[in-house]
Amino acid sequence: MGFHIKSFLFALAGVFLVWGDALAICTATKQDCADGYYNMRGCQVDSPLHPVGYECKPCPAPFDRSGNNGDTIAECYATKTCSVDEQCLIHYNGDTSCSDGVGAPGNNHLEIIDQNVECVGNDRNCKDFNVGSIDWGGEWNSSQNSAEYMVCDKNEQSGTARWQNNKWNISGCRCSHSGFIWHKKCDGKYVLVPRYPNSGLSGIGDEIEYSETPEQYYCNGCKIGTVPRYVCINDSSYQCYNMDNGQSGNVVCECKDVNAPYYATGCTITYPFDANVTSGCHDVSDNNISSGCQKSCPAGMETIENGATSIDDCVPDVSQTYSDGTGTFTLGTERCP
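Residues numbered from 1 in each chain as written. Predicted model: local features only at pLDDT ≥ 70, side-chain atom pairs only at ≥ 80, totals over all residues. Heavy atoms only, no water.

A. Quick look at the pairing of strand E3 (residues 77-81). Both E3 and strand E4 (residues 87-91) contribute to a ladder of five bridges, which runs antiparallel. If you follow Thr-79 over to E4, its bridge partner there is Leu-89. (Pairing = 2+ DSSP bridges. Helix = DSSP H or I, 4+ residues; strand = E, 2+ residues; numbered from the N terminus.)

B. Representation of the state of the cysteines within the structure. Scanning all chains against the criterion turns up 10 disulfides. Across the disulfide from Cys-152 sits Cys-175; the S-S distance is 1.9 Å. Negative torsions about the S-S bond denote left-handed disulfides, and the value of about 100° found for Cys-152 with Cys-175 makes this one right-handed. On the criterion of sequence distance, the pair formed by Cys-152 in the loop between strand E8 (130-131) and strand E9 (157-158) and Cys-175 in strand E12 (residues 174-181) is long-range, its members being 23 residues apart. Overall, Cys-175 belongs to the buried group, its relative accessible area being 0%. (Disulfide = S-S within 2.5 Å. Buried < 20%, exposed > 50% of the residue type's maximum accessible area, 1.4 Å probe, protein only.)

C. Spatial organisation of the packing of aromatic side chains. Throughout the structure, instances matching the rule amount to five aromatic pairs. Ring geometry for Phe-129 against Trp-168: centres 5.6 Å apart, planes inclined by 80°, an arrangement best described as edge-to-face. In this pair, Phe-129 sits in the loop between strand E7 (123-125) and E8 while Trp-168 sits in strand E11 (residues 167-169), placing the two residues 39 residues apart along the sequence. By the burial criterion, Phe-129 is buried, and Trp-168 matches it. Taken together, Phe-129, Trp-163 and Trp-168 form an aromatic cluster joined through their ring pairs. (Phe/Tyr/Trp six-rings, centres within 6.5 Å; stacked < 30°, edge-to-face > 60°.)

D. How the structure looks around the side chain of Asn-141. Mapped onto the elements, Asn-141 comes out in the loop between E8 and E9. Reaching out from Asn-141, the side chain makes a polar contact with the backbone nitrogen of Met-150 at a distance of 2.9 Å. (Polar contact = N/O pair within 3.5 Å; in protein donor to acceptor, adjacent residues only side chain to side chain.)

E. Just the nonpolar core, in detail. The biggest cluster of nonpolar side chains holds 45 residues, and the ones touching the most others in it are Trp-168, Leu-192, Tyr-210 and Tyr-217. Elements represented by at least two residues in this core include exactly strand E10 (160-164), E12, strand E13 (186-192), strand E15 (216-222), strand E16 (226-233) and strand E17 (250-257). Judged by nonpolar contacts, the second largest core, of 10 residues, contains Cys-76, Ala-78, Ile-90 and Ile-112. (Core = buried A, V, L, I, M, F, W, Y, C linked by side-chain atoms within 4.5 Å.)

F. Just unusual backbone geometry, in detail. With an omega of 15°, the peptide bond running from Ala-260 to Pro-261 counts as cis. For Pro-261, the position within the fold is in the loop between E17 and strand E18 (267-268). Phi is positive for Asn-165, which is not a glycine, with a value near 55°. Positive phi values are uncommon outside glycine, yet Asn-166 reaches one of about 65°. With respect to the element layout, Asn-166 can be found in the loop between E10 and E11. With a relative accessible area of 53%, Asn-166 lands in the exposed category.

G. Summary view of the sheet that holds strand E19 (residues 281-283). Pairing is antiparallel in the open sheet, where three strands are placed in the order E17-E16-E19. With partners counted over all chains shown, the strands left at the sheet margins are E17 and E19, one partner each. Averaged over all adjacent pairs, the angle separating strand axes in this sheet is 30°, with direction ignored. (Axes fitted to C-alpha atoms, helices over the stretch in contact; angles between N-to-C directions.)

H. Quick peek at the pairing of strand E5 (residues 108-113). Taken across its six residues, E5 has six buried, putting it largely inside the fold. Burial of E5 is two-sided: the residues Asn-108, Leu-110 and Ile-112 facing one way and the residues His-109, Glu-111 and Ile-113 facing the other way are all buried. Pairing of E5 with strand E6 (residues 116-121) involves six bridges; the strand directions are antiparallel. Bridge pairing links His-109 to Val-120 in E6. Adjacent in sequence and paired antiparallel, E5 and E6 are bridged by two residues, among which Asp-114 carries a positive phi angle near 50°.

I. Just the sheet that holds E7, in detail. Across the sheet, which stays open at both edges, the three strands sit in the order E7-E10-E11 with antiparallel pairing between neighbours. Bordering the open sheet on either side are E7 and E11, each of which pairs with just one other strand. Strand after strand, the sheet turns through a mean of 35° between neighbouring axes, direction not considered.

Here you go:
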């Protein structure tokens, strides 16, 4: 019986020895952690010769912290503007379900949306992001009428944004808009790229700002009083390129005021556009502009100013002479009241 008591006492002493070592390990000196980290106290009870003690762990994005000696992960927080326009703190509660709760592990991250912490997939359609106004200068936006600036609607976006290095990489986002291109005097379509593609966005509530200079564009119509002026071969190596038509041929890149003695009522440009251009980019001669875009006045009539918009702008051709019994004369250009 005494033998068994001794064995029990030796065993109990061993337990207290290990427990004491474990306590010593767990109470290792607390270290200072840099901003963005918190102190995690760990214990390696089964390996007393290799204590872990306190160690610094990074806060999970988008959470952060400033100041040293944060003791727990609950001190990881994000400062956001609350609904009352005041700054508030949102603390991380230690939930790790985002790592494997949506999709495959590692394909998600934590993000603060409308003051709530949500698990968000690392791939996001670009059209999920809002778009900032394109209202700065540049040659494409030099009109005094802001309604003629390059524009982009949220739903016109395409491509995928990817969460990389704790921010959204938007370099693959594009915005395609159809409408008036003031800088080229034509109706058309253009593709915009992000103005700051490498800066990234901190959250899906941020706006993408697109550049006022298009990556590619083309004209598909000339306004009243204008006709095609400039064409390029349909080649994606040019800025002017018909993204919607895979056929070869020429692409209208700009319209101009119609030259006298013609007038123009506006036209839709159909593709491929035949302007007898076999390479590069060239001006369009008046002889190669179709009758659908450029119209002639009736015989003996002409327009006398560029940009004429209708047959009402046609006046008698003063270079023509007429004869009757009284002699030779020309017709004036003044209209009767």
